[in-house]
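Coordinate inspection notes
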Amino acid sequence: MHAFQPYPINEIEFNPFVRFGDKWGALTTKADDKINTMTISWGGVGVLWDKPVATVYVRESRFTKELLDKSETFSVSFFEDKYHRTLKYLGQVSGRDEDKLKNARLTINEHQGIPFIDEGNFIVVCKKLYSVPLPIDDVFDKDVEEKYYKTKDLHTMYLGEIVELLAR
C-alpha cells in the first residue's frame, strides 16, 4: 500500500476541467460488503451549504450506482497518465459481470472506512450529501438528448461533502 497524506483543501491546485474531463477519475464506493469502481469524466468541485463539495454523475444502468445509492460515502481517485488505459477498461466493463478491480490489477485502500484506489495519486474522499436524477425533460439544450441519451440511460447527480483530500 502507498502512503497517503492529508492535503490541505485551501492549498488545492486542481483544475476540474483537466482532472475530470481530460484525465478522468475512478469513482469508488462500498455497500453490502461489495466494492465497485467506475471511470468518470463528468464531475466538479465547489462550495455548497458552506461545505467543500464534489459532484459526480452516474448513469442509471451502472452497478456502481446500485452501491452508491446504498452507501453514505464515495471517493474519486485520480491517477498518473500511465493509468489512462486502465481507466478506459474500468469504464467499459461492469462489476456485475466480473471482478474488474482484480482484472485491472488495482488495489483497494481505505480512509476512515471509505474505499479508494491505492494506485491513485490524488484522492477526494466524500460523504454523500444529496442525489437527484437528471430528467431529460429538464435539459434546455435539446442536442444533449440526441448526443448522450439515445438509449434513455440517464444520469443521477451525487453531491458529496469533501471530508478529506489525500495525496501521495
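Procedures and definitions
- Residues numbered from 1 in each chain as written.
- Predicted model: local features only at pLDDT ≥ 70, side-chain atom pairs only at ≥ 80, totals over all residues.
- Heavy atoms only, no water.
- Helix = DSSP H or I, 4+ residues; strand = E, 2+ residues; numbered from the N terminus.
- Buried < 20%, exposed > 50% of the residue type's maximum accessible area, 1.4 Å probe, protein only.
- Core = buried A, V, L, I, M, F, W, Y, C linked by side-chain atoms within 4.5 Å.
- Salt bridge = Lys/Arg side-chain N within 4 Å of Asp/Glu carboxyl O.

A few words now on the environment of Pro8. The residue Pro8 is located in the loop between β1 (5-6) and α1 (16-23) in this model. Owing to a relative accessible area of 35%, Pro8 belongs among the partly exposed residues under this scheme. For Pro8 and Lys150, which are 142 residues apart along the polypeptide, the C-alpha to C-alpha distance reads 41 Å.

Turning to the nonpolar core, a few remarks are in order. Formed by 19 residues in total, the largest nonpolar core has its most connected members in Leu27, Val76 and Val124. When residues in this core are grouped by element, the largest group, 4 residues, is from strand β10 (residues 155-167). Counting 9 residues, the second largest nonpolar core, distinct from the first, contains Phe79, Ala104, Leu106 and Ile117.

Before going further, it helps to spend a moment on the pattern of salt bridges. Using the criterion set out here, one finds 11 salt bridges in the structure. Measuring nitrogen to oxygen at the nearest pair gives 2.8 Å for the salt bridge that ties Asp81 to Lys23. Taken together, the positions of Asp81 in the loop between β6 (73-78) and α3 (84-92) and Lys23 in helix α1 put the pair 58 residues apart, joining distant regions of the chain. Lys70 is paired through a salt bridge with Asp32; the nearest N and O atoms lie 2.9 Å apart. You can see Lys70 sitting in helix α2 (residues 63-70) and its partner Asp32 sitting in the loop between β2 (25-31) and β3 (34-40), a full 38 residues away along the chain. Residue classification places Lys70 among the exposed positions, given a relative accessible area of 56%. Shared partners join several salt bridges into a network, and the residues in it are Lys51, Lys127 and Glu161.

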